[in-house]
Amino acid sequence: MHKAVIAATGLFTPDQSISNDELVLAYNTWVDGWNATNAAAIEAGEVEPKTHSSSAFIKKASGIKSRFVMDKEGILDPSRMVPRLAPRSNDEISILAEMAVKAAQQAIAAWGKPVSEIGAVICAASNMQRAYPAMAIEVQQALGIDGFAFDMNVACSSATFGIKTAADFVASGSVKAVLMVNPEICSAHLNFKDRDSHFIFGDVATAVIVEAEDQAGPGGWNIVGTKLQTQFSNAIRNNFGFLNRTHLPTDTAEPIPSDGLTDKLFVQQGRKVFKEVVPMVSEMIVEHAAELGIDPTSYKRLWLHQANINMNQLIGKRVLGREPTPEENVIILDDYANTSSAGSIIAFHLHNQGFEAGDKGLICSFGAGYSAGTVVLEKRG
């Protein structure tokens, strides 16, 4: 068996960002228009009026201050409130693959080795823009990588599941190195007309190179252990899929519109998720550490999934047994918001400095499914 290491990471960040104030202005403008259109029904008590959002509400509920997006104009247009992304021909690289390639190129440059050393590509993300051909194969072709590639989806836990899969491929000797990418355009599956969730997501792409320890150069991170867990729950759900068109009540074959069919977009029961996921993840982290003979309070840094600052702070407190410092429990969602699978990798990519050889840290993701994954890392000399 070959031990695996994380040798390099990469990050692609869109050049457009939306502040809470900008998002709230667009949302409240839409609310005012909706309430005016439905004034008679509201007056008759047939429907409830929509209520305004606020920057203070968003920050208190989530810790988010802004988010990067692939298209700002479409989201902030009160008559649209959906990103506007132009279709591409089949001869052009798709937008998710393009984002993944940019993140991968950064990781490959940091790695400093030829792509011929990579034997597999995994595209692990919440939403693929098509069923097939696989996004991973498109990324593989764009980068000139031989071997094999495939997509995988475990919602917000996709990156840790991807790292585990990559480490297993390396451990078995199937390949020398694996490229794992996480392109996420979360703004496209978010309902910007839902006050409880319109602020949650942002867009980004990350990349991780996992390779065999016996061929790795100095630096990087030993993968000490990985652990995965799933438990079925409807508390976070997205019902968009190819079968939607078979549900149409008439003979028309027109795609189902998103308005009025919000379960085809991201929906969640936020309080239920908080109540159930925090103990599930906290216990999993502590149990995994015990299985590895590690005191979890000794972790120098936690790179958790960036879903909600309150969840992250409580998980950090339960794992470390005290209030963690900002250096110990990394938060990047104030600038990036929730980027689904990419969040914990962004945190790791941007904040992995200050470690001595032998120091340990933890990448952890959790989300819909429920699903959760932990990756224990040790700094290499």
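Parameters and conventions
Residues numbered from 1 in each chain as written. Predicted model: local features only at pLDDT ≥ 70, side-chain atom pairs only at ≥ 80, totals over all residues. Heavy atoms only, no water. 1 Å grid on protein atoms, 1.4 Å probe; cavity = no way out; pocket = protein on both sides within 12 Å on 5 of 7 lines; lining within 4 Å. Points joined across faces, edges and corners; volume = space filled by probe spheres on them. Helix = DSSP H or I, 4+ residues; strand = E, 2+ residues; numbered from the N terminus. Nonpolar A, V, L, I, M, F, W, Y, C, P; charged D, E, K, R; others polar. Disulfide = S-S within 2.5 Å. Salt bridge = Lys/Arg side-chain N within 4 Å of Asp/Glu carboxyl O. Buried < 20%, exposed > 50% of the residue type's maximum accessible area, 1.4 Å probe, protein only. Pairing = 2+ DSSP bridges. Axes fitted to C-alpha atoms, helices over the stretch in contact; angles between N-to-C directions. Contact = heavy atoms within 4.5 Å.

Colleague: Teacher, can you tell me more about the layout of surface pockets here?
Modeller: Empty space among the atoms becomes apparent when a probe as large as a water molecule is rolled across them. For the second largest pocket, the calculated volume is near 200 Å³. The wall of the second largest pocket is formed by Met-1, His-2, Lys-3, Ala-4, Lys-164, Ala-167, Asp-168, Ala-171, Asn-222, Ile-223, Val-224 and Thr-226. Looking at the lining of the second largest pocket, the elements that each hand over two or more residues are helix 7 (158-172) and strand 8 (221-230). Looking at the lining of the second largest pocket residue by residue, the classes come out as 6 nonpolar, 3 polar and 3 charged.

Colleague: Sorry, what's going on with the state of the cysteines here?
Modeller: Here a disulfide denotes a covalent bond joining the sulfur atom of one cysteine to the sulfur atom of another. Enumeration according to the criterion identifies 0 disulfides in this entry. Of all cysteine sulfurs in the structure, the one in Cys-186 sits closest to Cys-156, which takes part in no disulfide; the separation is 7.1 Å. Looking at the unpaired Cys-364, the closest cysteine sulfur is the one in Cys-156, lying at 12 Å.

Colleague: Can you walk me through the pattern of salt bridges in this structure?
Modeller: For the structure on display, the rule yields 11 salt bridges. The salt bridge partner of Glu-378 is Lys-360, with a shortest N-O separation of 3.0 Å. Taken together, the residues span a long stretch of sequence, with Glu-378 in strand 13 (residues 371-379) and Lys-360 in strand 12 (residues 360-367) at a distance of 18 residues. Exposure remark for Lys-360: the relative accessible area of 22% places this residue in the partly exposed category.

Colleague: Got a minute to help me understand the sheet that holds strand 13 in this structure?
Modeller: By definition, the strands of a sheet pair up through backbone hydrogen bonds, in either a parallel or an antiparallel sense. Pairing is mixed across the open sheet formed by 9 strands, whose spatial order is 5-4-6-7-1-8-13-12-11. Edge positions in the sheet fall to strand 5 (148-152) and strand 11 (301-304), since each of these pairs with one other strand and no more. Between one strand axis and the next, the sheet turns through 25° on average, direction left out of account. Sheet topology places strand 1 (residues 4-12) next to strand 8; 2 bridges connect them, and they run antiparallel. Across the sheet, residue Ile-6 finds its bridge partner in strand 8, namely Trp-221. Here helix 5 (residues 95-111) sits on the sheet and contacts strand 1, strand 6 (177-185) and strand 7 (203-212); the angle it forms with strand 1, its principal contact strand, is near 125°.

Colleague: Mind showing me how you'd approach the pairing of strand 8 here?
Modeller: Pairing of strand 8 with strand 13 involves 9 bridges; the strand directions are antiparallel. If you follow Lys-227 over to strand 13, its bridge partner there is Thr-374.

Bear in mind that shape data such as this cannot, by itself, settle questions of function.
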